[in-house]
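# Chains, contacts and geometry: an overview
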Amino acid sequence: MKVTELLRFARERGEPIFSFEFFPPKTEEGVRQLYETVEALRPLGPAFVSVTYGAGGSTRQRTLELVTRLKRETEVEAMAHVTCVGASREEIAAVLDEVAAAGVQNVLALRGDPPRGAKDFQPHPDGFRYASELVAFIRSQPERWRFCIGAGAYPEGHPETPDLVRDLANLKAKVDAGVDFLVTQLFFDNQAHFRFVDRARAAGIGVPILPGIMPFTNVDQAERFTAMCGAVIPQPLRAAMAARRDDPDGALQLGVAYASLQCAELLRRGVPGIHFYTLNRSPSSRAIVAALRASEPWRQGG
Ligand code: FAD
């Protein structure tokens, strides 16, 4: 089922959706564990799971295998991430054909990051420079590809475009090329998300925006991710993290508790769902969704 339909059904029931992002494990054992994880998530009613596409297109084959197997062998809906890194149009078309042939109806159309070591994104000579071009390419062949298309959004701005006005104009152009819904980069400051949604709506971006939340499991990892993606760690959280740098259990608990509070506020304020960056460690997101389902903050308004 398409994510837009999942969102519509959830809205009719007055509920949000929860989705979970995984990266393709390197080993068969890792894949087996991932299956167990997806099965363990099922009682929580995940709307869909998504599978990332490694930097530089490095996991392309594993992404395709995993997403097609998940679609075939589990009852949870799947979404394939697809990037433009190092690939010609023809190669991207072949990837899209494979995703479509597996019955996967949702793709997250991304430009991708430069491969490790490279500073700037260099498009393939016969490829795409921006995600908007990939979106337009998919939409240019509506009979061949009938995907529901998601795309990335950056509440605190994409690191390459610090000017928020320009970044938003670029996002608007991407959505106008045929995006059905947006998933945000991770953030720790809900106010940044609310401001972003207000600015997006004022700019005429009407598609659903799913906030991306990462329950961090250790301090170094959280700092590494935020440094990479440009998300800001608010000062009180930074201090709480610093106090737990050498306390792995304390850091993990802080990550779960902080993300729970973030999600509760977002849902109270009416976001259509939450997309969890699980880093393939689902216990934290499972605990958070279980608590959210038990407390239903979306019924509390606010
Ligand atoms: P774009 O939308 O193309 O934007 C990239 C930059 O170009 C922005 O600064 C934008 O403002 C600017 N820009 C866009 N259009 C124009 C224009 N016409 N003129 C000038 N500037 C322009 N990466 C992976 O490698 N694999 C993954 O699986 C993956 N999953 C992700 C999932 C989510 C939910 C998100 C938010 C990101 C994910 N990423 C992934 C990271 C993503 O690839 C990077 O953030 C990348 O740097 C930008 O991708 P994009 O699709 O947002 O690019």
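Located above this text is the structure these notes cover.
Okay, so let's go over this structure. Note that the structure is a prediction, hence the values are computed from the model and not measured. Numbers given to residues run from 1 along each chain, matching the order in which its sequence is written. The predicted nature of this model means local features are confined to residues of pLDDT at least 70 and side-chain atom pairs, given and counted, to a pLDDT of 80 or more, with totals for whole chains, interfaces and linings taken over all residues. To obtain the side-chain values, all non-hydrogen atoms of the structure were used and water was disregarded.

### Some details on the overall build of the chain
A run of DSSP states H or I qualifies as a helix once it reaches four residues; a run of E qualifies as a strand once it reaches two. Both are numbered from the N-terminal end. Secondary structure assignment for the chain yields 11 helices and 8 strands. Atoms counted for the radius of gyration: C-alpha only. Globule rule: 2.2 Å times residue count to the power 0.38. In summary, the chain has a C-alpha radius of gyration of 18 Å against a globular reference of 19 Å for 302 residues, a match within 12%. Its C-alpha atoms put the chain at 50 × 45 × 45 Å along the principal axes. Residue exposure (1.4 Å probe, protein chains only): buried if accessible area is under 20% of the type maximum, exposed if over 50%, otherwise partly exposed. The buried share of the chain, taken over its 302 residues, is 51%. Within the chain, residue pairs in contact and separated by at least 24 positions form 79% of the contacts whose partners lie at least 6 positions apart. Residue burial considers only the protein chains on display, and all accessible areas are found by Shrake-Rupley using a 1.4 Å probe. Accessible surface computed for the chain: about 13800 Å², of which carbon and sulfur atoms make up 51%. Charge-centre separation for the chain: the mean point of 36 positive side chains lies 2 Å from the mean point of 36 negative side chains. Should any heavy atoms of two residues lie within 4.5 Å, those residues are counted as being in contact. Just so you know, the count uses Lys and Arg for positive and Asp and Glu for negative, and it drops His and the chain ends. Each charge is placed at NZ for Lys, CZ for Arg, CG for Asp and CD for Glu.

### Structural notes on the site of the ligand
If even one non-hydrogen atom of a residue comes within 4 Å of a molecule or strand, that residue is called near it. Lining the immediate surroundings of the ligand are 22 residues, of which Tyr-53, Asp-113, Tyr-154, Thr-161 and Asp-167 lie closest. Arg-111 has a polar backbone atom sitting 2.8 Å from an oxygen atom of the ligand. Between the ligand and Tyr-154 there is a distance of 2.7 Å, counted from an oxygen atom to a side-chain nitrogen or oxygen. In isolation the ligand has 980 Å² of accessible area, and contact with the protein removes 86% of it. Those elements giving two or more residues to the shell around the ligand turn out to be α6 (164-176) and β6 (181-186). In terms of residue count, the dominant contributor to the shell around the ligand is α6 (3 residues). Tallied by class, residues from the shell around the ligand come to 8 nonpolar, 9 polar and 5 charged. Each polar contact in these results corresponds to two N or O atoms within 3.5 Å; when the atoms are within protein, one needs to be able to donate a hydrogen and the other to accept it, and residues that are neighboring in sequence are counted only if both atoms are side-chain atoms. Each residue is assigned to one class: nonpolar for Ala, Val, Leu, Ile, Met, Phe, Trp, Tyr, Cys and Pro, charged for Asp, Glu, Lys and Arg, and polar for all the others, Gly among them.

### Here's the deal with helix α2 (residues 28-41)
Helical geometry: 3.6 residues make up each α-helical turn, so side chains three or four residues apart lie on a common side. What a helix should span is 1.5 Å times the count of its residues minus one. For α2, with 14 residues, the first-to-last C-alpha span of 20 Å sits near the 20 Å given by 1.5 Å per residue. Turning to α2, its buried residues number three or more, namely Gly-30, Val-31, Leu-34, Tyr-35, Thr-37, Val-38 and Leu-41. On an axial view of α2, the arc spanned by its buried residues comes to 160°, and they lie on one face. On its buried face, α2 is in contact with β1 (17-22), α3 (60-73) and α11 (282-295). This arc is built from the directions going out from the helix axis to the C-beta atoms.

### Comments concerning the sheet that holds strand β7 (residues 209-213)
Two strands are counted as paired when DSSP detects at least two bridges linking them. Pairing is parallel around the closed barrel formed by 8 strands, whose spatial order is β1-β2-β3-β4-β5-β6-β7-β8. Looking at each pair of strands side by side, their axes are set apart by 25° on average, direction ignored. Of the strand pairs in this sheet, strand β4 (residues 106-109) and strand β5 (residues 148-153) are connected by 3 bridges, and their pairing is parallel. Pairing of Asn-106 across the sheet is with Cys-148, part of β5. Axes here mean lines fitted to C-alpha atoms, for a helix over just the part in contact, with angles spanning 0 to 180 degrees between N-to-C directions. Of the strands in this sheet, β5, β6 and β7 touch helix α7 (residues 190-202), which is tilted by about 160° from β7.

### Let's talk about the nonpolar core
Judged by nonpolar contacts, the single largest core of 68 residues is most densely connected at Phe-18, Leu-96, Ile-138, Leu-182, Ile-274 and Phe-276. With sequence-adjacent residues up to four places away left out, Leu-96 is seen in contact with Val-82, Val-107, Phe-137, Ile-138, Trp-145 and Phe-147. Residues enter a nonpolar core if they are buried and are Ala, Val, Leu, Ile, Met, Phe, Trp, Tyr or Cys, with the set joined through side-chain atoms within 4.5 Å. Counting residues in each nonpolar core, the second largest holds 30 residues, with Ala-47, Cys-148, Phe-216 and Ala-240 among its members.

### A word on the pairing of strand β8 (residues 273-277)
Regular strands place side chains that alternate from one sheet face to the opposite one. Burial of β8 is extensive: 5 of the 5 residues sit out of reach of the surface. Summarising the sheet, β1 and β8 pair through 5 bridges and their orientation is parallel. Among the inter-strand pairings, Phe-18 is bridged to a residue of β8, identified as Ile-274. Across 2 bridges, the pairing between β7 and β8 is parallel. Bridge pairing links Ile-213 to Phe-276 in β8.

### Let's talk about the pairing of β7
Within β7, 5 of the 5 residues are buried, which leaves the element mostly enclosed by the surrounding structure. Here β7 shows two buried faces, one formed by Ile-209, Pro-211 and Ile-213 and the other by Leu-210 and Gly-212. Two strands pair when backbone bridges link them, and β6 and β7 are joined in this way by 3 bridges, in the parallel orientation. When the bridges of β7 are listed, Leu-182 appears paired with Ile-209. We call a crossover right-handed when, viewed with both strands directed away from the observer, the connection leading from the first strand over the helix to the second proceeds clockwise. Of the crossover connections in this fold, the one passing from β6 over α7 to the parallel β7 is right-handed.

### Considering unusual backbone geometry
A positive phi angle, close to 60°, is found at Asn-280, a residue other than glycine. According to the relative accessible area criterion, Asn-280 is partly exposed, its value standing at 23%. Phi is positive for Glu-296, which is not a glycine, with a value near 45°. The residue Glu-296 is located in the segment after α11 in this model.

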